[in-house]
Amino acid sequence: MSSFHPVLFLFLVLIFVPSISSAQETNLTKDYYQETCPDFGKIVRETVTTKEGPPARTAAGILRLFFHDCFVEGCDASVLIAKNALNKSERDGEINHSLTEETFDIVTSIKTALEKSCPGVVSCADILAQSTHDVITMTGGPSYEVKLGRKDGFESKAHKVGENLPLPDHTVQDMMSLFQRKGFTLQEMVALSGGHTIGISHCKDFMGRVTGPQPDPDIDARYAEVLKSLCENYTANDMKGSFLDPVTPDKFDNMYYKNLEKGMGLLASDYILFKDNGTRPFVELYANNQTAFFEDFARAMEKLGMVGVKGDNDGEVRRICANSNQPFV
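The following refers to the structure shown. This is a predicted model, so every value here is computed, not measured.

What counts and what doesn't
Residues numbered from 1 in each chain as written. Predicted model: local features only at pLDDT ≥ 70, side-chain atom pairs only at ≥ 80, totals over all residues. Heavy atoms only, no water. 1 Å grid on protein atoms, 1.4 Å probe; cavity = no way out; pocket = protein on both sides within 12 Å on 5 of 7 lines; lining within 4 Å. Points joined across faces, edges and corners; volume = space filled by probe spheres on them. Helix = DSSP H or I, 4+ residues; strand = E, 2+ residues; numbered from the N terminus. Nonpolar A, V, L, I, M, F, W, Y, C, P; charged D, E, K, R; others polar. Core = buried A, V, L, I, M, F, W, Y, C linked by side-chain atoms within 4.5 Å. Buried < 20%, exposed > 50% of the residue type's maximum accessible area, 1.4 Å probe, protein only. Axes fitted to C-alpha atoms, helices over the stretch in contact; angles between N-to-C directions. Left-handed = near helix turned anticlockwise from the far one by under 90°. Contact = heavy atoms within 4.5 Å. Disulfide = S-S within 2.5 Å. Phe/Tyr/Trp six-rings, centres within 6.5 Å; stacked < 30°, edge-to-face > 60°.

**A few points about the layout of surface pockets**
At step 1: By volume, the second largest pocket amounts to about 330 Å³.
At step 2: Around the second largest pocket sit 17 residues that line it, and Pro168, Asp169, Arg209, Asp216 and Ala268 are the ones nearest its centre.
At step 3: Elements with a contribution of two residues or more to the lining of the second largest pocket: α9 (208-211) and α12 (268-275).
At step 4: Among the elements that take part in the lining of the second largest pocket, α12 stands out by supplying four residues, more than any other.
At step 5: When its residues are assigned to classes, the lining of the second largest pocket shows seven nonpolar, three polar and seven charged.

**A few points about the nonpolar core**
At step 1: Of all hydrophobic cores here, the largest spans 75 residues; its most connected members are Leu80, Leu114, Leu273, Met301 and Leu304.
At step 2: For this core, the element with the most residues is helix α4 (residues 55-70), which contributes nine residues.
At step 3: Judged by nonpolar contacts, the second largest core, of 13 residues, contains Cys203, Cys231, Leu244 and Leu267.

**Quick word on the packing of helix α5 (residues 101-117) against helix α6 (residues 124-138)**
At step 1: Direction vectors running N to C along α5 and α6 enclose 115°, while the axes themselves pass 10 Å from each other. The crossing of α5 and α6 is right-handed. Two secondary-structure elements touch here, α5 through Val107, Ile110, Lys111 and Leu114 and α6 through Cys124, Ile127, Leu128 and Ser131.
At step 2: Split into classes, the residues belonging to the contact of α5 with α6 amount to six nonpolar, one polar and one charged.

**Considerations on the state of the cysteines**
At step 1: In this structure the tally under the stated criterion is four disulfides.
At step 2: Each sulfur of the disulfide joining Cys37 and Cys118 lies 1.9 Å from the other. One end of the pair, Cys37, is in the loop between α2 (23-26) and α3 (40-49); the other, Cys118, is in the loop between α5 and α6, and 81 residues separate them in sequence.
At step 3: Here Cys124 connects covalently by a disulfide to Cys321, the sulfurs 2.1 Å from one another. Across the disulfide from Cys124 to Cys321, rotation about the S-S bond amounts to roughly -100°, and the bridge is consequently left-handed. A residue pair is termed long-range when its members are at least 10 positions apart, and Cys124 in helix α6 and Cys321 in the segment after α14 (290-304) qualify at 197 residues. Judged on exposure class, the residue Cys124 and its partner Cys321 are both buried.
At step 4: When the bonded cysteines of the chain are counted from the start of the sequence, the pairing works out to 1-4, 2-3, 5-8, 6-7.

**Notes on the packing of α3 against α5**
At step 1: Packing of α3 against α5 brings their axes to within 10 Å, and their N-to-C directions diverge by 145°. Considering how the two elements wind past one another, α3 and α5 form a crossing that is right-handed. On α5, the residues touching Phe40, Ile43, Val44, Thr47 and Val48 of α3 are Ile106, Ser109, Ile110, Ala113, Leu114 and Ser117.

**Re the packing of aromatic side chains**
At step 1: Tallied over the entire structure, the rule returns 17 aromatic pairs.
At step 2: Seen in terms of ring centroids, Phe71 and Phe184 are 6.0 Å apart; in terms of plane orientation they differ by 25°. Their pairing is stacked. With a gap of 113 residues between them, Phe71 in the loop between α4 and α5 and Phe184 in the loop between α7 (172-181) and α8 (186-193) connect regions that are remote in the sequence. As far as burial versus exposure is concerned, Phe71 and Phe184 are alike and both buried.
At step 3: Of the aromatic side chains, those joined through ring pairs into one cluster are Phe252, Tyr256, Tyr257, Tyr286, Phe293, Phe294 and Phe297.

What follows is the structure, encoded as structure tokens:
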């Protein structure tokens, strides 16, 4: 991976790239459901916080689902649509095969509860946005403003997934080209990558750099041995994996960046953020200053939640999150 100066130039240009959507254009407001569904926030929060199982697993699943939704068709819950006889949906995209049914079930539970309280009012897109905020704070992460009033998209196409999401072996330039299209700067990309402070990755996504023909010499030797043990015979069990942050996997903090400095970045696309000259200063900043990370992550999440938002003219409020109200979408 080259650390050539065009990345630095790209960062200077992208500082001034605007978000591709705004609250004014889509009429999103913080209190959108105050009159029509006053218990919206309470229902979402209680559903995610009372979910059985480790909170960090719930948080990582919902955060990843939200990111994968926003970066394909915008934050419109298109990732929730199930395939039908005439259409392969985003859930069928290869990189989305690792999105767990458990996470989809949480969204379904929230939607079911909301439909009982205020039927036909709350969009699945807003459920994703609000629940993501709640699980981040639940695991120790920063709070941020969530504006509401998104509508659910009509379309969900599997073929659009791969071209819009970062992959485990992406370079900084590869990732930045995706983030740039969504209106993000280089620093915002590094801040959002800090979401990998929680969650896991499957062995197939990182063992190539541990035991492949050309092992990555920058991986900490002891860490590499741990990964080899965790992923023994992983080709026979594709569910084997490792925490993205092996030190504090249950806590949303800045340990992800500290790990990168120690050669303990799990994915190649994680570690390259420390190795590349353009992104390393941000990694070092966040490793040394959790407050700076939390502040930048919060602002970036507010911006992420506005990507490609649908309004009344190009969206709907789905009755069931897995199916558009319009047939054969």
